Amino acid sequence: MVFPQSVASGDPRPDSVILWTRLADAAASGDLEVHLQVALDEEFTQLMNVTVESERRAISDEAGSSFALLTAKERYGHCVKVKLAGLAPATTYYYRFYYNGGGTCYVSRTGRTKTAPDESADVPVRFAYISCQDYIHRFYNTHLALAQEDLDFFVVLGDYVYETTGDPSFQGSASEGEEVSEDLKNRVVKFSDESVAIQLGSGDTIFYAARSLGNYRDLYRTYRSDRGLQALHERFPVVAIWDDHEYSNDCFGATAAYFDGAADELDVTRRKAANQAWFEYMPVDYAAGDDFEYDAAVEYLKDITIYRDFRFGKHLHLVLTDLRSYRDDHLIPENGFPGAVVTTQEQLIAQLGVVPDAAGFYVPIDTYQTGTYQTKLREAATTEGYDPALITGNISVSYINGIIAKLNAAGDATPLIDTTDPTGLKRGIAFVDLAKFGLNTSIGSRYLVDQDAFDAMARVTWSASMGENEKVMGSEQEEWFLDTMQKSDRTWKVWGNEYCLVQLAVNLIGLPIPESFQRRFYMNVDAWDGFPNRRSALIERIGALSNVVAVTGDIHAFYAGFPSALSDPSRRIVEFVGSSMASKTFKQELLSQIKADPILSAIPTASLLAEAVDSYLLSTTTVPNPYLAYANSSDNGFCVAEVTADEFMVTMHQIPAAEVANNYTGREAELLGLVKKVQLKTVAGTKDLQMFDDASKTWKLWDETTRTWV
């Protein structure tokens, strides 16, 4: 196929849109010529004349040609992108590409696109937002369902591709433990050159992560080969932003997290390869100008800027951020030694004024009891799997006693440190108090982190930095974001936000699980829960505005709630979170994490807790998330937003997760019968949530006191 990834359009504005395709001609090399044809009708009887002004810009112009000559550059993998300007607002256009190769004229499929309404137009806007479309052993049924909708455009909130070829922690088969069809087995990603990729895993579970530009191109070429995804791009313009997997899972900047602190994973060259591939395959209108072309020689972080904003008529201002390129590292280092104290008693008192209950006892192990406990813990280092040199400084008493108890069980007789009479003992936050029980692990550093200890530690570091840490957007983007939101004169200010703002915590105190897990946990501090003070500072600013909504992806679940400022909960916004298109759901990921973790997998009831995660998130007894109103962690799907002067309504299209194993191509009517629709909305001038009740055919308001829909 000469146009193997079909066509796409993106970033619609009232007078312009980006058009895209890619050529593949094995018999040709160098830059190739391709022609663009645009019309007002699908039959191409109303052709438009186009004048090419530069390599990246063309304009609708009566003096132009009905076959506009463009260049498919070899340096960009023969991807073609052009900004077509001079268009009419709120108008549907049709386009296709022609290529002459080997004496044969080839034509692409026809694409349909639509410009944004004029900024003064008092019109409704209807768009979808999606994220997280893992390809491996998963069919894109959600794309088939979405293509049936009547939309102005759709938004991709990240994880358009996944950089790995089969990470068992989240990319297992859609039907684990069951026989799968040959068609499903063929849904795989293979790099054309594995020798330059990053080899991960071991034994029978070896897989690869993209490292080179060729590797990343392979991802887009494979994903975009899917006819369901192609059809979606052929039908609607896309507005896209990236999250982590376009580069590397749980990344910050150019640093990956595969080895959990056991190796330095900063790789600017790899990051730039990912950036270039995204530039090549996504139809984006860059703020740098119409003629912007990616140049890997440019200094990192100045090589590409993707945060930007769009106005659709009088009522929608869509503001998209980049929450991966400029952000700080996770607050808890993955290689942190569990026994080490990270926040001392003096620091807690200086910054908080008190020592919180989450703080644990610690001792200066080098001098405590003349170094007796230091000697014992160093002797146990080999057996316990840590470097004896780590046994220095302030060490948690609970960690010390845990090791001593093991030694005593093997015949030693060293007394445990007595905490019933804490005279002389200080209290602080150690890694083990954060529920970090091992070295080089994501559990206890990025996932399942003790909420109370984390909040105390984060507050101390935030205060000590005078509000300069927990950077997520970086200073320049954050200033742009706040300025754009605060100056917006549209009815609805909508933040295209990559990962969850509303708090996601569970309270496991009193459950039949080991005492060390009877805590309040944050589920995921790779998301905004890991940057609580920065989140609060931002919401304190934008929460003072009217009609601010966040549309969010990443977490592979459907949620709705009210992210709020810590200092003033009345400063809040409304958030609608969409689930994954095809990737494992949040519940499925929890089950995979439990299975893979040696500590969690040893807890008999852990999988039962994961199965019931929504009941813990929404518990009316423990109320771990006071601003969360709706949760469905079990289904795949997408969201459709309808925006008017009066309301912002979201319909969550929910498809059972097991259906990703079934191919519904050609059976769309049957697929649509499986879709459950949940409708939620917020009304202009309020900061409330309403849900449509199918039984009574009425809208019901979320009551935050009773935590019910009334």
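Residues numbered from 1 in each chain as written. Predicted model: local features only at pLDDT ≥ 70, side-chain atom pairs only at ≥ 80, totals over all residues. Heavy atoms only, no water.

Observations concerning the side chain of Asp526
Part 1 of the argument: For Asp526, the location among the structural elements is in the loop between strand 26 (520-524) and helix 12 (532-542).
Part 2 of the argument: With relative accessibility at 3%, the residue Asp526 sits in the buried group.
Part 3 of the argument: A polar contact of 2.8 Å, which involves the side chain of Asp526, links it to the side chain of Arg324.
Part 4 of the argument: Excluding anything up to four places from it in sequence, Asp526 contacts Asp250, Arg324, Arg327, His330, Arg446, Tyr499 and Phe531. (Helix = DSSP H or I, 4+ residues; strand = E, 2+ residues; numbered from the N terminus. Buried < 20%, exposed > 50% of the residue type's maximum accessible area, 1.4 Å probe, protein only. Polar contact = N/O pair within 3.5 Å; in protein donor to acceptor, adjacent residues only side chain to side chain. Contact = heavy atoms within 4.5 Å.)

Section: the sheet that holds strand 23 (residues 447-450)
Part 1 of the argument: Taking strand neighbours across the sheet as the criterion, the three strands line up as 23-26-25 in an open arrangement whose pairing is antiparallel. Strands with a single pairing partner mark the edges of an open sheet, and in this sheet they are strand 23 and strand 25 (505-507). Mean inter-strand twist for the sheet, computed between neighbouring axes without regard to direction, equals 30°.
Part 2 of the argument: Sheet analysis places strand 23 next to strand 26, joined by three bridges and oriented antiparallel. Residue pairing across strands places Tyr447 opposite Asn524, the latter belonging to strand 26. (Pairing = 2+ DSSP bridges. Axes fitted to C-alpha atoms, helices over the stretch in contact; angles between N-to-C directions.)

Some details on the pattern of salt bridges
Part 1 of the argument: Per the stated rule, a full pass over the model turns up 42 salt bridges.
Part 2 of the argument: For the salt bridge of Arg308 with Asp11, the shortest nitrogen-to-oxygen distance reads 2.9 Å. Separated by 297 residues along the polypeptide, Arg308 in strand 17 (residues 308-312) and Asp11 in strand 1 (residues 7-13) bring together distant segments of the chain.
Part 3 of the argument: According to the relative accessible area criterion, Arg308 is buried, its value standing at 4%.
Part 4 of the argument: Relative accessible area serves as the criterion here: at 0%, Asp11 is assigned to the buried category.
Part 5 of the argument: A salt bridge links Arg311 to Asp309, with the nearest nitrogen and oxygen atoms 3.6 Å apart.
Part 6 of the argument: Taking relative accessible area as the criterion, Arg311 reaches 31% and is therefore assigned partly exposed.
Part 7 of the argument: Salt bridges here are not isolated pairs; linked through shared partners, they connect Arg13, Glu53, Arg57, Lys83, Asp285 and Asp290. (Salt bridge = Lys/Arg side-chain N within 4 Å of Asp/Glu carboxyl O.)

Observations concerning the pairing of strand 10 (residues 104-107)
Part 1 of the argument: Direction of pairing for strand 9 (residues 92-101) relative to strand 10: antiparallel, over a ladder of four bridges. Its bridge partner being in strand 10, Gly101 is matched across the sheet by Thr104.
Part 2 of the argument: Taking the residues that link successive antiparallel strands as the turn, the strand 9-strand 10 hairpin has two residues, and the phi of Gly102 there is positive, at about 60°.

Section: helix 9 (residues 397-409)
Part 1 of the argument: Its 13 residues place the ends of helix 9 18 Å apart at the C-alpha level, agreeing with the 18 Å of an ideal helix rising 1.5 Å per residue.
Part 2 of the argument: Taken as a whole, helix 9 has its buried residues at Val397, Tyr399, Ile400, Asn401, Ile403 and Ile404.
Part 3 of the argument: Where helix 9 is buried, its residues meet strand 20 (360-364), helix 7 (372-379), helix 8 (381-384) and strand 21 (394-396).
Part 4 of the argument: Positive phi appears at Gly411, one or two residues downstream of helix 9, with a value of about 115°. (Expected span 1.5 Å × (residues − 1).)

Section: helix 4 (residues 227-235)
Part 1 of the argument: Listing the buried residues of helix 4 in full gives Gly228, Leu229, Gln230, Leu232, His233 and Glu234.
Part 2 of the argument: One side-chain oxygen of the residue at the start of helix 4 lies 2.8 Å from the amide nitrogen of Gly228, identifying that residue as Asp226.

Some points on the pairing of strand 11 (residues 111-114)
Part 1 of the argument: Alternating positions in strand 11 separate cleanly, Gly111 and Thr113 being buried on one face and Arg112 and Lys114 remaining unburied on the opposite face.
Part 2 of the argument: Strand direction decides the pairing type here: strand 9 and strand 11, joined by four bridges, are antiparallel. Within the sheet, the bridge partner assigned to Tyr93 lies in strand 11 and is Thr113.

A look at unusual backbone geometry
Part 1 of the argument: With a phi close to 55°, Met466 is a non-glycine residue in the positive phi region.
Part 2 of the argument: Assignment of secondary structure puts Met466 in the loop between helix 10 (451-464) and helix 11 (475-487).
Part 3 of the argument: Judged by relative accessible area, Met466 falls into the exposed class, the value being 73%.
Part 4 of the argument: The backbone phi angle of Asn547 is positive, close to 60°, even though this residue is not glycine.
Part 5 of the argument: Here Asn547 is to be found in the loop between helix 12 and strand 27 (548-552).

Comments concerning the packing of aromatic side chains
Part 1 of the argument: In this structure the tally under the stated criterion is 36 aromatic pairs.
Part 2 of the argument: Measuring from centroid to centroid gives 5.8 Å for Trp20 and Tyr281, while their planes differ by 45°, and the two rings are tilted. A residue pair is termed long-range when its members are at least 10 positions apart, and Trp20 in strand 2 (residues 16-22) and Tyr281 in helix 5 (residues 268-281) qualify at 261 residues. As far as the burial class goes, Trp20 and Tyr281 line up, both buried.
Part 3 of the argument: Judged by centre distance (5.9 Å) and plane angle (40°), the ring pair of Tyr368 and Tyr373 falls under tilted.
Part 4 of the argument: A residue is classified by how much of its surface remains accessible, and Tyr373, at 6% relative accessible area, is buried.
Part 5 of the argument: Joined through ring pairs, the aromatic side chains of Phe127, Tyr129, Phe153, Phe310, Phe312, Trp492, Phe576 and Phe648 make up one cluster.
Part 6 of the argument: The residue whose ring lies beneath Lys681 is Trp699, and the NZ or CZ to ring-centre distance is 4.3 Å. (Phe/Tyr/Trp six-rings, centres within 6.5 Å; stacked < 30°, edge-to-face > 60°. Lys NZ or Arg CZ within 6 Å of the ring centre and 35° of its normal.)

Focus: the sheet that holds strand 19 (residues 341-343)
Part 1 of the argument: As summarised here, the arrangement of the four strands in space is 19-22-20-21, forming an open sheet in which the pairing is antiparallel. Bordering the open sheet on either side are strand 19 and strand 21, each of which pairs with just one other strand. Neighbour-to-neighbour, the strand axes of the sheet open up by a mean angle of 65°, direction not taken into account.
Part 2 of the argument: Looking at chain direction, strand 19 and strand 22 (residues 426-430) are connected through two bridges and run antiparallel. Bridged to Val341 within strand 22 is Ala430.
Part 3 of the argument: This element, helix 9, spans strand 20 and strand 21 of the sheet and lies at about 65° to strand 21.

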